[in-house]
Amino acid sequence: MMTYVDKLEAWLKEIEVRLCEFISNVRIKEFRNDPYSGVVIIIPPYSYDTNLSEEQKKMQMNIKKTYSEWEEHFYLLTTKVPSDIRKEIKESTKYIKNQIELISGWLTRSTISENIDEIKKRFSGLYGIIKLFEGKESIVLIPDTNSLIKSPDFEVYKKLLGDKITILLTPTVLSELDKLKIIHRDETFRKKVESVINRIKGFRKQGSLLNGVTSCKTITIKMVAKEPAFERTLSWLQKDNNDDRIIASSIEYQIDNPSHKVFIVTSDINLQNKAEMAKLPFFETPQKKQQRKEQLARLRPG
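Residues numbered from 1 in each chain as written. Predicted model: local features only at pLDDT ≥ 70, side-chain atom pairs only at ≥ 80, totals over all residues. Heavy atoms only, no water.

(A) Structural context of the overall build of the protein. Tallying secondary structure elements over the protein gives 11 helices and 8 strands in all. The globule rule puts the C-alpha radius of gyration for 302 residues at 19 Å, and the 26 Å found for the protein is more than 25% above it. The C-alpha extent of the protein, read off along each of the three principal axes, is 95 × 50 × 35 Å. Expressed as a percentage of contacts within the protein between residues at least 6 apart in sequence, the contacts between residues at least 24 apart total 68%. When the accessible surface of the protein is summed, it comes to about 17200 Å², and 51% of that surface belongs to carbon and sulfur atoms. When the 51 basic and 42 acidic side-chain charges of the protein are each reduced to a single mean position, those positions are 6 Å apart. (Helix = DSSP H or I, 4+ residues; strand = E, 2+ residues; numbered from the N terminus. Rg over C-alpha atoms; globule rule 2.2 N^0.38 Å. Contact = heavy atoms within 4.5 Å. Areas by Shrake-Rupley, 256 points an atom, 1.4 Å probe, with all protein chains shown as cover. Lys, Arg positive; Asp, Glu negative; His and termini not counted. Charge placed at Lys NZ, Arg CZ, Asp CG, Glu CD.)

(B) Expanded view of the pairing of strand S4 (residues 165–169). Counting buried residues in S4 gives 5 out of 5 residues, a clear majority hidden from the surface. The two faces of S4 match: Ile165, Ile167 and Leu169 on one face and Thr166 and Leu168 on the other face are all buried. In this sheet, S4 lies alongside strand S3 (residues 139–143) in parallel orientation, the contact comprising 2 bridges. Following the sheet pairing, Leu141 is matched in S4 by Ile167. (Buried < 20%, exposed > 50% of the residue type's maximum accessible area, 1.4 Å probe, protein only. Pairing = 2+ DSSP bridges.)

(C) The packing of aromatic side chains, seen in detail. In the structure shown here, the tally under the stated rule is 6 aromatic pairs. Between the aromatic rings of Phe263 and Phe283, the centroid separation amounts to 5.2 Å while the plane-to-plane angle is 35°, which identifies the pairing as tilted. Of this pair, Phe263 sits in strand S7 (residues 261–265) while Phe283 sits in strand S8 (residues 282–283), and the two are 20 residues apart along the sequence. Owing to a relative accessible area of 6%, Phe263 belongs among the buried residues under this scheme. These aromatic residues form a ring-pair network of at least three members: Tyr67, Trp70, Phe74 and Tyr75. The ring of Tyr95 carries Arg122 above its face, with NZ or CZ at 4.6 Å from the centroid. Sitting over the face of the ring of Trp11, Lys279 holds its NZ or CZ atom 4.7 Å from the ring centroid. (Phe/Tyr/Trp six-rings, centres within 6.5 Å; stacked < 30°, edge-to-face > 60°. Lys NZ or Arg CZ within 6 Å of the ring centre and 35° of its normal.)

(D) Representation of the packing of helix H1 (residues 4–23) against helix H4 (residues 112–131) within the structure. In contact at an axis separation of 10 Å, H1 and H4 are set at 175° when each is read in the N-to-C sense. Between H1 and H4, the angle falls in the class roughly antiparallel. Within the contact between the two elements, H1 uses Val5, Leu8, Glu9, Leu12, Lys13, Ile15, Glu16, Leu19, Cys20 and Ile23 and H4 uses Ile112, Ile116, Ile119, Lys120, Phe123, Leu126, Tyr127, Ile130 and Lys131. Residue classes in the contact of H1 with H4 are distributed as 14 nonpolar, no polar and 5 charged. (Axes fitted to C-alpha atoms, helices over the stretch in contact; angles between N-to-C directions. Parallel < 35°, antiparallel > 145°, perpendicular 65-115°, else oblique. Nonpolar A, V, L, I, M, F, W, Y, C, P; charged D, E, K, R; others polar.)

Here's what the structure looks like:
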């Protein structure tokens, strides 16, 4: 169980190992001017041999894909860093991408070991930037709409990761609850949804839900008021899709709190797939023993 900072660091380490392995099997070519030609050509003296085997090309493509996915998360994390750190990020990421693409230049060295040393130096700088975001850890659970309807008692969520947890309620989920209490065709279901909403509203008696209130002694209940900013999230998320909106809100919270351990809570397989793609871990919706017994009874034939 890792924080977002830990995940980004481990993910980057995997890329570093694979890139160094890739580079270690690439040849270096040397250019020398002909001393008798009377013409001096000024170009970098050393370059990578881009004549790769099929296996090397596949490895290169896989590293490029993995790095692009990591970089998208990293840029979201570092949006607000000072200009000097931004400059270091730009230089290091450009250098690493050039190594993946085997783009040679004046920084290309005469030996593979020298080039790998420089690659490791650039990765080391990125690790240092990631560590700037370390802080106090906290466990945050973000339930989807169906989870709140199936398990409205927040105490049951303790069984997922222990007593001290934060339940974060996103605007998309709250909006879905409001719609369901009005438009769902089943009256019993509408009343159940309204009961969930009233339970959540009841926490306001203890204070601001935007700042967080305490329930069951160790659970913090918080609301997010802002809709997710889709201009600052993963490129494949769609703003008109509610599952994507939940993911976007979760990522936005994770970016603002990178030392927290954030989990989606859902039994929806499609949302689980999207959470996995977004590098957000998830849990199945927890249930009380009595709920589970009733559910199994309904499933039994006859």
